[in-house]
Amino acid sequence: MITTDILIIGAGPTGLFAVFEAGLLKLKCHIIDALAQPGGQCSELYPKKPIYDIPGFPEVLAGDLVDNLMKQIEPFQPGFTLGERAETIERQEDGSFIVTTNKGTKHHAKVVAIAGGLGSFEPRKPIIDCLEKYEDKGLAYMIKDPEDYRGKRVVIAGGGDSALDWSIFLADVASEVTLVHRREEFRGALDSVEKVEELVEQDKIRLVTPAEILDINGEGKVESVLLQHNDEAKRMEVIECDAFIPLFGLAPKLGPIADWGLEIEKNAIKVDNTLDYQTNVPGIYAIGDVNTYPGKLKLILCGFHEATLMCQSAYQRIFPDKRYVMKYTTVGGVNGFDGSRK
Ligand code: FAD
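Residues numbered from 1 in each chain as written. Predicted model: local features only at pLDDT ≥ 70, side-chain atom pairs only at ≥ 80, totals over all residues.

### Re the sheet that holds strand β12 (residues 206–208)
Taken in spatial order, the four strands line up as β12-β11-β10-β16 in an open sheet, and their pairing is parallel. In this open sheet, the two strands that pair with only one neighbour each are β12 and β16 (243–246). Averaged over all neighbouring strand pairs, the angle between strand axes comes to 20°, with direction disregarded. Relative to β16, strand β10 (residues 153–157) is paired through four bridges, and the arrangement is parallel. Across the sheet, residue Ala157 finds its bridge partner in β16, namely Pro246. Each of β10 and β11 (176–180) is contacted by helix α5 (residues 161–170), which is oriented at about 165° to β10, the strand it contacts most. (Pairing = 2+ DSSP bridges. Helix = DSSP H or I, 4+ residues; strand = E, 2+ residues; numbered from the N terminus. Axes fitted to C-alpha atoms, helices over the stretch in contact; angles between N-to-C directions. Contact = placed C-beta atoms within 7 Å.)

Following this line, the structure appears as structure tokens:
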């Protein structure tokens, strides 16, 4: 039995930062993650994608952000159960919890913080016949290493942040980038839309909107895609390319957590955002992408904020008789933590 103060389910950026905030309060953390490595979506889906909205970092690769978070929590020596999925939770008489993984590892904690992100995720695929024939042969639903596309002709489809950010990044890597979206307007950040427009003016990106990719052609690998312009004439065009990357987002699946008796809305866990991100079960919190409340934004910086408030509340729950006075980390360290890496 692994025993800790806060058991964190999910080693994404939110779960990792929670370890730091808990450490400042001298609370021990243990993290479970179904994936073999920490970092959540950042490591699994887009390690080489730049992120532009982490405060203090004009640009940081998702993988580097995870490395930095791991360095930041090193002094607090969290425990890890990696490659195992949290499967069941049992509430004990004293209000603590036992969480058991699919491999039978048991964890005992006074507080459970679910930072499960999207749970187990599957990319949304376009409706095109025989997609499987081209998967990993030029067709990809996520970019793991942009170097795979160096000097290649790439067609990206989608209208969200991912499609925009990757088009911007690949404009300097690929020999040709065509961005196709079925609407005129994009769902992604305004700044990214403006960057794409700049690159279109510089002939570094070809933007085709409104349009859709209807088919893929090629002998054993992607050689071209068939595009339909969504204008009155419904004009068809063949675009020769080496890679087709539809970035339509992820279909979220909460997994076993959905059966833990927590209030769920639209595949996410409802929390009290007026106070501490606690769920309807006292002692179980939900932070980061996994939770929902009015105005929720699925952003890394929002997860950091939620993790911070969760830790303050967890401290009160674990030590109901102690009064905690918040101090800045710069004021001679906090609770003995002086910022040094041991
Ligand atoms: P996640 O990163 O999803 O991590 C959750 C972890 O929980 C996963 O590792 C999962 O394996 C684990 N888990 C789930 N259920 C269980 C279980 N039962 N047992 C064990 N482990 C479990 N955000 C930004 O702020 N800026 C950006 O530029 C940006 N770009 C993005 C680009 C793409 C392509 C994508 C997909 C997302 C992007 N995001 C961006 C969103 C950002 O990645 C998420 O907001 C962030 O990862 C959420 O962190 P998290 O720790 O809450 O969850």
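Moving on, there is more to tell.
### Regarding the packing of helix α1 (residues 13–24) against helix α3 (residues 62–73)
Interhelical geometry of α1 versus α3 gives an angle of 20° and a closest axis separation of 9 Å. One way to sum up the angle between α1 and α3 is to call them roughly parallel. Of the two elements, α1 crosses α3, and the hand of that crossing is left-handed. Contact residues: α1 offers Pro13, Leu16, Phe17, Val19, Phe20 and Gly23, while α3 offers Leu65, Val66, Leu69, Met70, Gln72 and Ile73. For the contact of α1 with α3, the per-class residue count stands at ten nonpolar, two polar and no charged. (Parallel < 35°, antiparallel > 145°, perpendicular 65-115°, else oblique. Left-handed = near helix turned anticlockwise from the far one by under 90°. Nonpolar A, V, L, I, M, F, W, Y, C, P; charged D, E, K, R; others polar.)

### Some points on the pairing of strand β14 (residues 224–229)
Where strand β13 (residues 211–217) meets β14, six bridges bridge the pair, whose relative direction is antiparallel. In the sheet register, Glu212 faces β14, and the bridge partner there is Gln228. Linking β13 back to β14 in an antiparallel pair, the connection comprises six residues, with Gly218 at a positive phi of about 150°. Note that β14 and strand β15 (residues 236–240) share five bridges and pair antiparallel. By the bridge assignment, Leu227 is partnered in β15 with Glu237. Between β14 and the antiparallel strand that follows it, β15, lie six residues; Lys234 among them carries a positive phi value of about 50°.

### Focus: the environment of Met142
As for its position among the elements, Met142 is in the loop between α4 (131–134) and β10. Once the C-alpha coordinates of Met142 and Leu25 are considered, the two residues, 117 residues apart in sequence, prove to be 38 Å apart. Setting aside its immediate chain neighbours within four residues, Met142 contacts Leu45, Tyr46 and Pro123.

### Section: the UniProt feature "binding site: FAD" (unreviewed entry) in the protein
Mapped onto the present numbering, the UniProt feature "binding site: FAD" (unreviewed entry) falls at Thr14, Asp33, Gln41, Tyr46, Ala86, Phe121, Asp289 and Thr330. On the secondary structure map, Thr14 appears in helix α1. With near-sequence residues (within four places) excluded, Thr14 lies in contact with Ala115, Ile287, Gly288, Gly303, Phe304, Glu306 and Ala307. Position of Asp289 relative to the elements: it lies in the loop between β20 (284–286) and β21 (291–292). Discounting chain neighbours no more than four positions away, the residues touching Asp289 are Gly117, Leu118, Lys298 and Gly303. (UniProt positions renumbered as here; feature names shortened; annotations may be inferred.)

### Here's the deal with the site of the ligand
By nearness alone, 39 residues border the ligand, and Gly10, Gly12, Gly40, Gly117 and Gly288 come closest of all. Taken together, the residues of the shell around the ligand break down into 19 nonpolar, 13 polar and seven charged. (Near = placed C-beta within 6 Å.)

### Considering the sheet that holds β15
In space, the three strands of this open sheet follow the order β13-β14-β15, with antiparallel pairing throughout. The open sheet has two free edges, formed respectively by β13 and β15, since each of these has just one partner strand. Averaged over all neighbouring strand pairs, the angle between strand axes comes to 30°, with direction disregarded.

### Thoughts on helix α7 (residues 300–318)
One turn of the α-helix equals 3.6 residues, which is why residues spaced by three or four share an orientation. Under the 1.5 Å per step criterion, the end-to-end length of α7 is 26 Å for 19 residues, consistent within 8% with the ideal 27 Å. Within α7, the full set of buried residues consists of Ile300, Gly303, Phe304, Glu306, Ala307, Met310, Cys311, Ala314 and Tyr315. Residues of α7 that are buried in the fold lie against β1 (2–9), α1, β8 (106–114) and β20. (Expected span 1.5 Å × (residues − 1). Buried ≥ 20, exposed ≤ 12 C-beta atoms within 10 Å, placed from the backbone.)

### Focus: the pairing of strand β2 (residues 29–33)
The buried fraction of β2 is high, at five of five residues. Going residue by residue along β2, you find Cys29, Ile31 and Asp33 tucked away on one face and His30 and Ile32 tucked away on the opposite face as well. Relative to β2, β1 runs parallel, the two sharing four bridges. Residue pairing across strands places Ile8 opposite Ile31, the latter belonging to β2. For the handedness criterion, the β-α-β arrangement of β1, α1 and β2 is classed as right-handed. In this sheet, strand β5 (residues 79–82) lies alongside β2 in parallel orientation, the contact comprising four bridges. The residue of β5 that forms the bridge with Ile31 is Phe80. (Right-handed = clockwise from strand over helix to strand, strands pointing away.)

### Quick look at unusual backbone geometry
Of note, the amide linkage connecting Thr209 to Pro210 takes the cis form, showing an omega dihedral of -15°. As for its position among the elements, Pro210 is in the loop between β12 and β13. Located in the positive-phi region is Lys266, a residue other than glycine, with phi close to 45°. Mapped onto the secondary structure, Lys266 falls in the loop between β18 (264–265) and β19 (268–270). Non-glycine residue Tyr277 carries a positive phi angle of around 65°. Tracing the backbone shows Tyr277 in the loop between β19 and β20. For Tyr277, a count of 24 C-beta atoms within 10 Å translates into the label buried.

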